[in-house]
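Residues per chain, in single letters:
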Amino acid sequence: MRFDSFDAIRSAATNLPGGDAAAAEAAAARQDTLTKPPGSLGRLEALAIWAARWQGQPVPRIERAQILVFAGSHGVARRGVSAFPPEVTAQMVANFAAGGAAINQLARSAGAELVVVPLEVERATEDFTQAPAMSEAEFAGAVSAGFDALDPRADILCIGEMGIANTTAAAALSAALFGGTGADWVGRGTGVDEEGLARKAAVVDAGLARHADALADPLRAAAALGGRELAAMLGATLAARRAGVPVLLDGFVATAAVAPLARLAEGGLAHAQAGHVSAETAHRTLLAELRLDPILDLGMRLGEGSGAAVALAVVKAALACHGGMASFADAGVATG
Ligand SMILES: Cc1cc2ncn([C@H]3O[C@H](COP(=O)(O)O)[C@@H](O)[C@H]3O)c2cc1C
Ligand SMILES: O=C(O)c1cccnc1
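Since we're looking at a predicted model, the values are computed, not measured.

(A) Up close: the site of ligand 1. If you check the shell around ligand 1, you find 18 residues, and the closest are Ser82, Thr167, Gly189, Thr190 and Gly303. The set of elements that each furnish at least two residues to the shell around ligand 1 consists of α4 (88-98), β3 (156-162) and α7 (166-178). When residues of the shell around ligand 1 are assigned to their parent elements, the largest contribution, three residues, is made by α7. Tallied by class, residues from the shell around ligand 1 come to eight nonpolar, eight polar and two charged.

(B) Looking closely at α4. Among the residues making up α4, those that are buried are Thr89, Met92 and Phe96. Mapping the buried residues of α4 onto a view down its axis gives an arc of 60°, with all of them on the same face. Turned more than 90 degrees from where α4 packs its buried face, Ala94, Ala97 and Ala98 sit exposed. Against β1 (65-71), α5 (102-110), β2 (113-118) and β3 lie the buried residues of α4.

(C) Looking closely at the site of ligand 2. The immediate surroundings of ligand 2 are formed by 13 residues, with Gly251, Phe252, Val253, Ser278 and Gly303 found nearest. Per element, the largest residue contribution to the shell around ligand 2 is three residues, and it comes from helix α12 (residues 252-264). Residues that form the shell around ligand 2 fall into these classes: three nonpolar, seven polar and three charged.

(D) Molecular detail of the nonpolar core. Counting residues in each nonpolar core, the largest one holds 116 residues, and the members touching the most others are Leu157, Ala232, Ala236, Ala309 and Leu312. Looking at which element gives the most residues to this core, the answer is α12, with 10 residues. Ignoring sequence-local partners within four residues, the contact set of leucine 312 consists of Ala65, Ala110, Ala112, Ile156, Cys158 and Leu248.

(E) The sheet that holds β2, seen in detail. Strands sit in the order β2-β1-β3-β4-β5 across an open sheet of five strands; the sheet is parallel. Each having just a single partner strand, β2 and β5 (272-274) make up the two edges of the open sheet. Each adjacent strand pair in this sheet contributes to an overall mean axis angle of 25°, direction not counted. Where β3 and strand β4 (residues 247-249) come together, two bridges link them in parallel fashion. Residue cysteine 158 lies in a different strand from β4, and its bridge partner there is leucine 248. Together, β1, β3 and β4 form the strand contacts of helix α14 (residues 306-324), whose direction differs from that of β3 by roughly 160°.

(F) Representation of the pairing of β1 within the structure. Among the seven residues that make up β1, seven are buried, leaving the element largely enclosed by the rest of the structure. By the bridge criterion, seven bridges tie β1 to β3 in an arrangement that is parallel. In the sheet register, isoleucine 67 faces β3, and the bridge partner there is cysteine 158. One ladder, built from six bridges, connects β1 with β2; its direction is parallel. From the neighbouring strand, alanine 71 faces β2, where its bridge partner is proline 118.

(G) Representation of unusual backbone geometry in the model. Although it is not a glycine, asparagine 15 sits at a positive phi angle of roughly 55°. Among the secondary structure elements, asparagine 15 is positioned in the loop between α1 (6-13) and α2 (21-31). Positive phi outside glycine occurs at glutamate 304, with the angle close to 65°. Along the chain, glutamate 304 turns up in the loop between α13 (282-289) and α14. Residue class for glutamate 304 comes out buried when judged on the 28 C-beta atoms lying within 10 Å of it.

Calculation rules
Residues numbered from 1 in each chain as written. Chains lettered and ligands numbered in written order. Predicted model: local features only at pLDDT ≥ 70, side-chain atom pairs only at ≥ 80, totals over all residues. Near = placed C-beta within 6 Å. Helix = DSSP H or I, 4+ residues; strand = E, 2+ residues; numbered from the N terminus. Nonpolar A, V, L, I, M, F, W, Y, C, P; charged D, E, K, R; others polar. Buried ≥ 20, exposed ≤ 12 C-beta atoms within 10 Å, placed from the backbone. Arc of directions from axis to C-beta. Contact = placed C-beta atoms within 7 Å. Core = buried A, V, L, I, M, F, W, Y, C linked by C-beta atoms within 7 Å. Pairing = 2+ DSSP bridges. Axes fitted to C-alpha atoms, helices over the stretch in contact; angles between N-to-C directions.

Structure, rendered in structure tokens:
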């Protein structure tokens, strides 16, 4: 899909398919026939029913899982908002290709295909304290790249990112969408000290002031304050909704990136689960705003899709029970 404007993205992000209610109902009914006390698999039961709705089948399966990691460079990285230098983004893209990053191991462990999509990492976005991070055309191009990266045959999609300074972009976008100041939304990211944290908050406040006229429109806010990898995560998540592919979100950055979809349409993120809540402090606040209940809470604060990849193992476990268990009738087990 080639988007060329905010309006084109907005129209794709409204009028979304609502999922297969009959498949979800059949999955819920099936759960109650399985050889266990009703409800005893807790969240695993809800995950199976959720997957049934969005895959459109009463017995959902995960044979093909895709992890998409988008990489981008941020102009605002020059402002001293990360504990690491901006070159790390391109260096980590090379590390992904060589198989040496955490996400390479987690993808293999979860039985998922990892696809890394660098988005002009050699060319940073504009510093958002000075200008919009991206023009409308650039933003639409990055959303399109994300949309096209989805394998529509995937049974589930995990999204993640790499981009030094992107917790600052995510904080700014979250403040634009849900209110508050920089101090409410910034965290340590890669590990900035107290001074770095204060700098991050000031940079976010400067961005919010600079782009005050764009903040009421979720897509304009995402172009002004976000980044290419954030825009691409939004595009991939939108493509997944339209292709019947359920989504596992990663941490604070991934959640902030797709949050505009929830602002554009009621239930715009209904096909997505929060894979985990990261240790980036504002992630909890953001998930509460979006009414997303994270599957895992492991104190992770990496990004790269790592939390989503670990949560994939949980969703696979849920579907293994849902699809493989015998019913009371078939197993000859007495009901309560
Ligand atoms: C070696 C290394 C590997 C990473 N993998 C993910 N991130 C994570 O850290 C960055 C965001 O934190 P901040 O806003 O503080 O820069 C992103 O690139 C994110 O994916 C990494 C960061 C580093 C240094
Ligand atoms: O939660 C995240 O997305 C995150 C946290 C720290 C560093 N990078 C990403």
